[in-house]
Amino acid sequence: MLKATDLRLTFNPGTPIETQALRGMTLEIPTGQFVTVIGSNGAGKSTFLNAVSGEQRVDSGTIEIDGIDMTRQPVWARARHVARVFQDPLAGTCEDLTIEENMALAKMRGERRGFSFAVKPALREEFRAQLATLGLGLENRLSDRIGLLSGGQRQAVSLLMAALQPSRLLLLDEHTAALDPRTAAFVLELTVRIVAEHKLTTMMVTHSMRQALDVGQRTVMLHQGRVVLDVSGKEREGLDVHHLLDMFEKVRGEKIDDDALLLG
Amino acid sequence: MRLARAGRGGRSLAGARVVFPPTVFPMSLYTLLGALEIGLIFSLVALGVYISFRLLRFPDLTVDGSFPLGGAVAATMIAAGHDPFTSTLVATLAGAVAGLITGWLNVRLKIMDLLASILMMIALYSINLRIMGKPNVPLITEPTVFNLLQPETLADYVFRPLLLVFVVLAVKLMLDAYFSTQSGLAIRATGSNARMARAQGVNTGLAVLAGMALSNALVGLAGALFAQTQGGADISMGVGTIVIGLAAVIVGESLLPSRKLYLATIAVIVGAIVYRFFIALALNSDFIGLQAQDLNLVTAVLVTVALVVPKLRAHWSGKKGA
Ligand SMILES: Nc1ncnc2c1ncn2[C@@H]1O[C@H](COP(=O)(O)OP(=O)(O)OP(=O)(O)O)[C@@H](O)[C@H]1O
Ligand SMILES: [Mg+2]
């Protein structure tokens, strides 16, 4: 369970480029829930995810995961509980390491790393089996550098890596945005499958209203650093993209003519 | 300036056989083995530089201070009557501490990596003088790890490179093994993609400290061995060490390009030896007319060429392709 309370964060305070990225952001996600997050550019979605993962320290407010206060913990200490897939397919893997080395790194996420060999035969078989489920032929390329893979392939491996080790929270920040439509659909499908399989508590940022309504059990909209819309259950089932856009307009109090929001 | 004549029989003073084998144009076997000896010692430096510059992507100039630090500690301890093996070990640890401090300046005090290493490098100049108490500590009749282990039947100029081959190979195999452990992998991940490493729970600050300590420990070891083969330690013995180390890495990478770690470490060692042979060749060919004091200039030119050639090649082939 994630409990973020009254998070505030201002970039470059006291300067002309001061930006209040989070302004009283409060959100509670019960264990096992899959939440999609939408909002216009600059709404604070990435900042919120970064605050939860520890990459951004908040000015005030608290972040709890399963009752443990994480607010002041560094990224690497939170990694025990939080798994992530980045928007940039290159960001989530180490291009200089092989596929199996990347997976070995993720297999030990949040654990003490000792002096035993990172890739042992038993692990290699586990990785091979996992990769085979992708149907991309990667199970035969375990010792290839991951830098040789395409963005979509790397993103798919990143997702597998996120699920190699149990976590209390999975953070996905537009993780299909950099992929071509077919690969994006594949990675999204894989996401849904993995989340269901491991019953992961998940927060997924997306710019596609369609996607936001199609996957997960709940949708929240951020605007100016706080939650302005929060729908789930029956109310959400009755929604379609147009309803969502109407609400989007209403909360913003301004007309949206950004077609990009309709795409997808 | 005995130290500058590296590779030309610095130990002949110690009373060893001064029998010169037949000349192999343009170098005698004696010179060849001397070059191999120095090349092997500098391959330890090169491995250290490979760890900092390539694996951690930390441009570390501490090396120019940790190399003479190793020499200073070893020579001073041996001259004071300590066992050469203990002295070499302490010199190695001293190198590790130097690397640790550079890492700490960067990780904790947030000083830019290059600057942190320069600060440590100049600090070490004073520290090395303090350790030695004078600009140089000669080792003429004192025992060294080399003459303690040397069998009766082998000449010293043959035995030294032979022993060094074993030391360097052992170090290489240990590094290969370590960097495929969980902890070693964390260091490589930190250098390759620190954000990802943190997201996987790697304490990247600690990884930098560990990598820097390991890197400079190897350099300290090299300095200790250098002092014991060249008849002592000198305050100026570190000048240009980093450039020589980098040269070795670059030469090795262009001779044997590979991303596989066990091949990369071989390449770096070969690079150090090949580089040293070129230097010996240049210094021993009268028609080129170079002298020992030109060494740093030659190295700088060589590294520049090695850095520019791949770019030019890419440029040319890019033009052809277009
Ligand atoms: N490191 C930073 N330094 C300064 N300002 C920042 C920084 N990161 C984000 N911001 C600002 O904070 C605000 C929120 O940015 P954020 O990236 O969280 O938006 P977002 O909702 O993820 O937008 P997008 O849909 O474009 O990804 C923006 O105004 C942005 O310019
Ligand atoms: Mg964003």
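It should be emphasised that the depicted structure is a prediction, and the values quoted were computed from it without experimental measurement.

## Concerning the nonpolar core
A general trend in soluble globular proteins is that nonpolar side chains are found buried together.
Then, in step 1: Membership of the largest hydrophobic core comes to 112 residues, with the highest contact counts inside it found for A:M103 and A:L131.
Then, in step 2: A per-element tally of this core places helix 1 (residues 29–55) of chain B first, with 13 residues.
Then, in step 3: For A:L131, the residues in contact, after removing those within four places along its chain, are A:I99, A:M103, A:L138, A:E139, A:L142, A:V157 and A:L160.
Then, in step 4: Listed in part, the 27 residues of the second largest apolar core include A:A21, A:V52, A:M70 and A:L171.

## Points about the interface of chain A and chain B
Then, in step 1: On the chain B side, the residues contacting the 34 residues of chain A number 22 residues.
Then, in step 2: Of the roughly 2,500 Å² buried at the junction of chain A and chain B (both faces included), carbon and sulfur atoms supply 58%.
Then, in step 3: Linking chain A with chain B are four salt bridges, by the criterion used here.
Then, in step 4: With its nearest N and O atoms 3.3 Å apart, the salt bridge here joins B:R188 to A:E101.
Then, in step 5: Linking chain A with chain B are 13 residue pairs in polar contact (both at pLDDT 80 or more), by the criterion used here.
Then, in step 6: Elements that contribute at least two residues to the side of chain A that touches chain B include exactly helix 2 (75–78), strand 6 (82–85) and helix 3 (99–107) of chain A.
Then, in step 7: The residue inventory of the side of chain A that touches chain B, partitioned by class, reads 17 nonpolar, seven polar and ten charged.

## Here we look at the packing of helix 7 (residues 182–192) of chain B against helix 9 (residues 204–229) of chain B
Residue and element names in this part refer to chain B.
Then, in step 1: In the contact formed by helix 7 and helix 9, the axes pass within 9 Å of each other and the chain directions differ by 105°. Between helix 7 and helix 9, the crossing angle belongs to the class labelled roughly perpendicular. On the side of helix 7, the interface is formed by A186, I187 and T190, while helix 9 contributes T204, A207, V208, A210 and G211.
Then, in step 2: Residue composition of the contact of helix 7 with helix 9, by class: five nonpolar, three polar and no charged.

## What to know about a nonpolar patch on the surface
Then, in step 1: Residues B:M112, B:L114, B:L115, B:I118, B:L119 and B:I122 make up a contiguous nonpolar surface patch of about 510 Å² in total accessible area.
Then, in step 2: In this structure, B:L115 sits in helix 4 (residues 113–132).

## Side note on the site of ligand 1
All names here are of chain A.
Then, in step 1: Around ligand 1 sit 14 residues in total, of which N41, K45, S46, T47 and H207 are the nearest.
Then, in step 2: The contact in question runs from an oxygen atom of ligand 1 to an N or O atom on the side chain of K45, over 2.7 Å.
Then, in step 3: Contacts to ligand 1 include E174, whose side-chain N or O atom sits 3.3 Å from an oxygen atom.
Then, in step 4: Taking 630 Å² as the accessible area of ligand 1 by itself, protein coverage stands at 64%.
Then, in step 5: For the shell around ligand 1, the element with the most residues is helix 1 (residues 45–53), which contributes three residues.
Then, in step 6: Residue classes in the shell around ligand 1 are distributed as three nonpolar, nine polar and two charged.

Scoring rules and cut-offs
- Residues numbered from 1 in each chain as written.
- Chains lettered and ligands numbered in written order.
- Predicted model: local features only at pLDDT ≥ 70, side-chain atom pairs only at ≥ 80, totals over all residues.
- Heavy atoms only, no water.
- Core = buried A, V, L, I, M, F, W, Y, C linked by side-chain atoms within 4.5 Å.
- Buried < 20%, exposed > 50% of the residue type's maximum accessible area, 1.4 Å probe, protein only.
- Helix = DSSP H or I, 4+ residues; strand = E, 2+ residues; numbered from the N terminus.
- Contact = heavy atoms within 4.5 Å.
- Buried area = accessible area lost by both parts, 1.4 Å probe.
- Salt bridge = Lys/Arg side-chain N within 4 Å of Asp/Glu carboxyl O.
- Polar contact = N/O pair within 3.5 Å; in protein donor to acceptor, adjacent residues only side chain to side chain.
- Nonpolar A, V, L, I, M, F, W, Y, C, P; charged D, E, K, R; others polar.
- Axes fitted to C-alpha atoms, helices over the stretch in contact; angles between N-to-C directions.
- Parallel < 35°, antiparallel > 145°, perpendicular 65-115°, else oblique.
- Patch = residues over 30% accessible without salt bridge, like charges linked within 9 Å, V, L, I, M, F, W, Y side chains within 5 Å.
- Areas by Shrake-Rupley, 256 points an atom, 1.4 Å probe, with all protein chains shown as cover.
- Near = heavy atom within 4 Å.

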